[in-house]
Amino acid sequence: MSVSVGTPQPAFDPVASAQSSRRSIARRLWARGNGRAGLIIVVVMVLLGLVSLIGVQPHGPNDQDVYHALKGPSGTHLFGTDSYGRDVFSRVQHGIVLSLEISVIAVAICTVIGTLAGVAAGYLGGVVSAVLMGSADLLFAVPSILLALAIVTALGPGTLDSALAIGIGYAPIFARVVRGPVLSVREADYVKAGAVLGFSRRRVLFRHILPAVSGVLAVQITLALGWAILTEASLSFLGLGPPPPASSLGLMVSEGTNFARTAWWNLAFPAAAIVALIIGFNLLGDALRDVFDPTSGRD
Amino acid sequence: MSALESSLPQAPAPPPAQTRGARRRGRGLARWTTVTLLRGVGTLIGVAIVIFIVLRLLPGNQITASLGVSAGLLTPAQHRALNHFYGIGQPLPTQFWHWADGILHGNLGLSTQSGRTVTSLIGTALPVTLELAILSMIIGLILGIASGVAAAAAPGRFGDWSGQTFALFGLGIPNFVIGAALVAILSNVFHYFPSSKSYAGLFSDPWLNFQQLIFPALTLGIGVGAAVMRTTRGAMLDVSRLAFVRSARGKGLARRVVIGRHVLRNALIPITTMSGIQFGYLLGGTVIVEQIFVLPGLGRLLITSVQEHDYAVAQGATLVFAAGFVLVNILTDVIYMLIDPRVRT
């Protein structure tokens, strides 16, 4: 994405600076304790899930073996077995994939909707802004889990429906977060210069304004992945996620509580997987925020 | 960053220079009250419309919900009669208008499942949720502010480290995991499960009521405490860098006085914001926690009613949740004015 020849070079080109600093962002992330911990946790968890897709898992997630039901962790069953004799380790792997799949789609939905709304509200202002931000306020007044609850009940449980429900609930946050920087960048000299030079609105928007919010967006996306995993797990805990026999992590926790006394591994391992995923993304998001905004109140 | 920010008192038009301070303050307050109330009512109307539409998108209707498969056995005449009874055939705006008209008369409709009025159902469920939310909030604020102050008092030391670890796990562990683990540990290790007895009201049996609510409140309070801790720590560190804190230290004030009276007092504003946001999160969390600990609160009422297509109850319960949220926002603004003289123009 090089700047075409003949284009006057603005004093500060966020595209160029974003590109040149991309490597140093990774380095600064790794230099921080929370960034490194978050990165390691996320990579390990994601790999743990993804390798199951190419068949690297000890057992099939739905293979039943009633003679070995509720057996504790052992060499053959690393995390033990559940009440149907299914391998908990393989089910956790599958659960991670499901959870990531739903969360990534959900975050994609809220990023696109929220960013578009935020940019439109910030850049266009006026009535558009009032209507968009008013709707965002409305969605904020309904706790997002309730909204997701209603949407999932309406659409029926399933991967895409959960994703949509979670995505809609979080879109207002993106709109808010994006609108702020757009408002301030809109008044920046290089954006005004673009307008004076007769660049199309679209060009100004995509080449000059969007890159300026990319840092905020990166932080928000990472944190949103953590929330999405949390909400997805809560929904499936309430029985509103992908229906059994899919091994959604929240559902596994809910089933695991029934056997908590005799078979703690049914509760502990899926719960640990959820916690690890959320903490991983939270740490990563915090570190990203520190990297992009050195004044964010941390010492 | 939140609804709170946008609902902050709008700066009133600058009054003529000779207006006296007291009158100015009175006028600003009146204007602020009007704006805040209008905003709150507007939000509630919008929420009512959204809820109404979302619930109408649910597949099935009251007939299939109450009769199940046997709804297929109904004759067309019976179908028509039931349609008429439930008001199903009417256009959506008419249905909405009936509902809205009822609300204005203090009538939220009838539960099609239990036959009781929605107002009475909410009346019995709301105190449970309210008590749970307030208890959780108290636990969360104590945990959060105490650990946040301890962490900020000695950055990088043990207090800071343990506070940050608490925040990391408090935010990372979903409340249903904490709740499920608590139930599992209490019932299996201690053979203690207060929720197995039927719910006791605060006034009928305060001790049993406390036993039944303390663990759900703890479940929710940990998450709130973690968020409040981080805000407290950050705000305290920010304020500590300011010049007036240095001069307070310089004139030889005791550490406790500097931290308590100078730093914490000024850090209270972001803490208030965060607490308001967390209260909203708490209201959503009660839905899950009430389910785990079998508490007959508003959240449980909501889940049951959504599952049973009991529209009137679901609408009423959601509306009460939203009203609670709006009220908390207003309350947050009032607290701002109490702790920050600058907002009191």
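Residues numbered from 1 in each chain as written. Chains lettered and ligands numbered in written order. Predicted model: local features only at pLDDT ≥ 70, side-chain atom pairs only at ≥ 80, totals over all residues.

The next point concerns the overall build of chain B. Across its full length, chain B carries 13 helices and zero strands. Going from N to C terminus, chain B has its helices and strands arranged as α-α-α-α-α-α-α-α-α-α-α-α-α. Expressed as a percentage of its 345 residues, the buried residues of chain B come to 37%. (Helix = DSSP H or I, 4+ residues; strand = E, 2+ residues; numbered from the N terminus. Buried ≥ 20, exposed ≤ 12 C-beta atoms within 10 Å, placed from the backbone.)

All names here are of chain A. One way to put it is that helix H4 (residues 88-124) packs onto helix H11 (residues 265-292) with a least axis distance of 10 Å and a crossing angle of 30°. Relative to H11, H4 is oriented roughly parallel. Crossing angle aside, the handedness with which H4 passes H11 is right-handed. Two secondary-structure elements touch here, H4 through Val88, Val92, Gly95, Ile96 and Ser99 and H11 through Trp265, Asn266, Phe269, Pro270, Ala273 and Leu277. When grouped by side-chain class, the residues that make up the contact of H4 with H11 number eight nonpolar, three polar and no charged. (Axes fitted to C-alpha atoms, helices over the stretch in contact; angles between N-to-C directions. Parallel < 35°, antiparallel > 145°, perpendicular 65-115°, else oblique. Left-handed = near helix turned anticlockwise from the far one by under 90°. Contact = placed C-beta atoms within 7 Å. Nonpolar A, V, L, I, M, F, W, Y, C, P; charged D, E, K, R; others polar.)

Taking burial as the measure, the eight residues of helix H10 (residues 243-250) of chain B include zero buried ones, a minor fraction of the element. One or two steps after H10 of chain B, the chain reaches Gly252 of chain B, where phi turns positive at roughly 85°.

Okay, unusual backbone geometry next. All names here are of chain B. If you check the backbone angles, Val294 has positive phi at about 50° while not being a glycine. Among the structural elements, Val294 can be located in the loop between helix H11 (255-292) and helix H12 (298-307). For Val294, a count of 15 C-beta atoms within 10 Å corresponds to the partly exposed category.

Once that is clear, we can look at the interface of chain A and chain B. Taken together, the contacts link 34 residues of chain A with 39 residues of chain B. Looking at the side of chain A that touches chain B, the elements that each hand over two or more residues are helix H5 (126-141), helix H6 (144-155), helix H9 (201-237) and H11 of chain A. Across the side of chain A that touches chain B, the residue classes tally to 23 nonpolar, six polar and five charged.

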